[in-house]
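As a plain string of letters, each chain reads:
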Amino acid sequence: SPQIGKRGTVTEAPGFNAEADANRLREAMKGTGTDEAAIIDVLAHRTIAQRQQIKEAYKQTVGKNLADDISSELSGNFRCVVLGLLMLAPVYDAYELRQAMKGAGTEEACLVDILASRTNAEIKTICAFYKKEYEKDLEKAVCGDTSGMFQRVLVSLLTVRNRLRDMGNWQFLKLNEIFEAGEARWGTDEVKFLTVLCVRNRNHLLRVFEEYQKISGRDIEESIKREMSGCLEEVFLAIVKSMRNRPAFFAERLYKSMKGLGTTDSVLIRIMVSRAEIDMLDIKEQFLKMYGKTLHSFIKGDTSGDYRKILLELCGGE
């Protein structure tokens, strides 16, 4: 979309001076105590490109790595947000995927969020950065950490979409087959869902969803919910929702991360950091439309301290 990168709450700071920002950050972390407000003021109001220049200037003037200094000065969720802001987008995605698969257990939500919502080009870049940074193939890492049909879907999202273009004559999709794979008989042939959902481009898929509704009399999301469960249901729904309306997909993820008892901070942080410069204005709009409350008010009620302050800056005003 031509709007990509133009619907963010974080935009280029006018009169930007990387050296002045680097010095201000240095002052904020010098001596005892840390001036968190200054860190928020600088880093939450600069674009990713500008932050890279600040990192460079910091290294030149201070002779140290900005991320390392921040890491030793800050803690908790606030530190996670700030460190995320210092990374290039694909580096941050690669880092998040790595964290999700490190150690015992896997944060499946992270794999779903990133792999189901990024474009072909973004996935390609993430794979390249992952390999460079962690000296391991992302596909191999995913295979080592997941299993069964869920694994097959993730691998498909990592690979097939890079090779397939719109197949033009989309009638050949044999939508009847998909219908029969799900609704028309007991048990679900997930492979057919996978073949369709993971390899088509967006325009193609939106038409497939329409046709599916005509044939089955049911929305594809409804079918997925009826026929599947667990991680597999999550990933198929994420593919459909992010294809249909990406900002609405992220709005729902944010809502669920804060609704009820406790907050899923990993999801909240990941979306706020990764979408701030891309489509946060659209996400906020969808949030209000879907839940009748502002994203701002939700974050305010669900977080505290400097963590709350920086998230609210990334969110933009009410």
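Treat the numbers as computed from the prediction; the structure is a model and nothing was measured.

J.: What is the right way to look at the side chain of Arg 46 in this model?
T.: Looking at the secondary structure, you find Arg 46 in the loop between helix 2 (36-43) and helix 3 (48-62). Polar side-chain contacts of Arg 46 include one of 2.7 Å to the side chain of Asp 21. Those residues in contact with Arg 46, other than ones at most four positions away along the chain, are Val 10, Ala 13, Phe 16, Asp 21, Asp 41, Arg 51 and Ile 54.

J.: I tried to follow the packing of helix 7 (residues 108-117) against helix 15 (residues 230-244) on my own but got confused; where do I start?
T.: Geometry of a packed helix pair, given as the angle between the helix axes and the separation of the axes. Put simply, helix 7 and helix 15 touch, their axes get as near as 9 Å, and they point 30° apart. Compared by their axis directions, helix 7 and helix 15 come out roughly parallel. Relative to helix 15, helix 7 is oriented so that their crossing is right-handed. Counting all contacts with helix 7, which are made through Glu 108, Val 112, Ala 116 and Ser 117, the residues of helix 15 involved are Cys 231, Glu 234, Val 235, Ala 238, Ile 239 and Ser 242. Split by residue class, the contact of helix 7 with helix 15 holds six nonpolar, two polar and two charged.

J.: Explain the pattern of salt bridges here, please?
T.: Two side chains carrying opposite charge are able to pair once their charged atoms lie near each other. Per the stated rule, a full pass over the model turns up 20 salt bridges. When the shortest N-O distance is used, the salt bridge between Arg 7 and Asp 282 registers 2.8 Å. With Arg 7 in the segment before helix 1 (18-29) and Asp 282 in helix 18 (residues 280-291), the pair connects residues that are 275 residues apart, well separated along the chain. With a shortest N-O distance of 3.1 Å, Glu 222 and Arg 218 are connected by a salt bridge. Assessed through its relative accessible area of 40%, Glu 222 is described here as partly exposed. Three or more residues are tied together by salt bridges with common partners; here these are Glu 96, Glu 107, Asp 113, Arg 253 and Arg 270.

J.: Looking at this structure, I do not really get helix 9 (residues 138-145). What am I missing?
T.: Counting along an α-helix, one turn takes 3.6 residues, and residues three or four places apart therefore face a common direction. Within the span of helix 9, buried status applies to Leu 138, Ala 141 and Val 142. One face of helix 9 carries all of its buried residues, which in axial projection span an arc of 100°. In helix 9, those exposed residues whose orientation departs by more than 90 degrees from the buried face are Lys 140 and Gly 144.

J.: Please explain the confidence of the model for the protein chain as it appears in this structure.
T.: Reading fine detail from the predicted coordinates is not recommended where pLDDT is low. Summary statistics for the protein chain give a mean pLDDT of 87 and a share of 88% for residues scoring 70 or more. Across residues 1-5, confidence stays below pLDDT 50; counting only partners more than four residues off in sequence or on other chains, it has three contacts. Across residues 162-172, where pLDDT falls below 50, the model places 14 contacts with residues more than four positions away in sequence or in other chains.

J.: Any chance you could explain unusual backbone geometry here in plain terms?
T.: It is generally the case that most residues other than glycine have a negative phi and that most peptide bonds are trans. Positive phi, normally seen in glycine, also occurs at Glu 135, with a value near 50°. Note that Glu 135 resides in the loop between helix 8 (120-134) and helix 9. Residue classification places Glu 135 among the exposed positions, given a relative accessible area of 74%.

J.: What's the story with the side chain of Asp 282 in this structure? I'm lost.
T.: A relative accessible area of 19% places Asp 282 in the buried class. In contact with Asp 282, other than residues within four places in its own chain, are Arg 7 and Pro 247.

J.: Looking at this model, I keep getting lost on the packing of aromatic side chains. Mind explaining?
T.: Two descriptors summarise a pair of aromatic rings, namely the distance from one centre to the other and the angle between the planes of the rings. Scanning the model with the defined rule gives seven aromatic pairs in all. Arranged with centres 3.7 Å apart and planes meeting at 5°, the rings of Tyr 255 and Tyr 291 form a pair that is stacked. With Tyr 255 in helix 16 (residues 246-258) and Tyr 291 in helix 18, this pair connects stretches of sequence that are 36 residues apart. Here Tyr 291 falls in the partly exposed class, since its relative accessible area comes to 23%. Taken together, the aromatic side chains of Tyr 255, Phe 287, Tyr 291 and Phe 298 make up a single cluster linked through ring pairs.

J.: Quick question: what am I supposed to make of helix 8 here?
T.: With 15 residues, helix 8 should cover 21 Å at 1.5 Å per step; its first-to-last C-alpha distance of 21 Å lies within 8% of that length. Turning to helix 8, its buried residues are Ile 123, Ile 126 and Tyr 130. Buried residues of helix 8, viewed axially, fall in a sector of 60°; they line one side. Exposed side of helix 8, more than 90 degrees from the buried face: Ala 121, Lys 124 and Lys 132 are the residues found there. After helix 8 finishes, the residue Glu 135 shows a positive phi value of roughly 50°.

Rules of the game
Residues numbered from 1 in each chain as written. Predicted model: local features only at pLDDT ≥ 70, side-chain atom pairs only at ≥ 80, totals over all residues. Heavy atoms only, no water. Helix = DSSP H or I, 4+ residues; strand = E, 2+ residues; numbered from the N terminus. Polar contact = N/O pair within 3.5 Å; in protein donor to acceptor, adjacent residues only side chain to side chain. Contact = heavy atoms within 4.5 Å. Axes fitted to C-alpha atoms, helices over the stretch in contact; angles between N-to-C directions. Parallel < 35°, antiparallel > 145°, perpendicular 65-115°, else oblique. Left-handed = near helix turned anticlockwise from the far one by under 90°. Nonpolar A, V, L, I, M, F, W, Y, C, P; charged D, E, K, R; others polar. Salt bridge = Lys/Arg side-chain N within 4 Å of Asp/Glu carboxyl O. Buried < 20%, exposed > 50% of the residue type's maximum accessible area, 1.4 Å probe, protein only. Arc of directions from axis to C-beta. pLDDT = per-residue confidence, 0-100. Phe/Tyr/Trp six-rings, centres within 6.5 Å; stacked < 30°, edge-to-face > 60°. Expected span 1.5 Å × (residues − 1).

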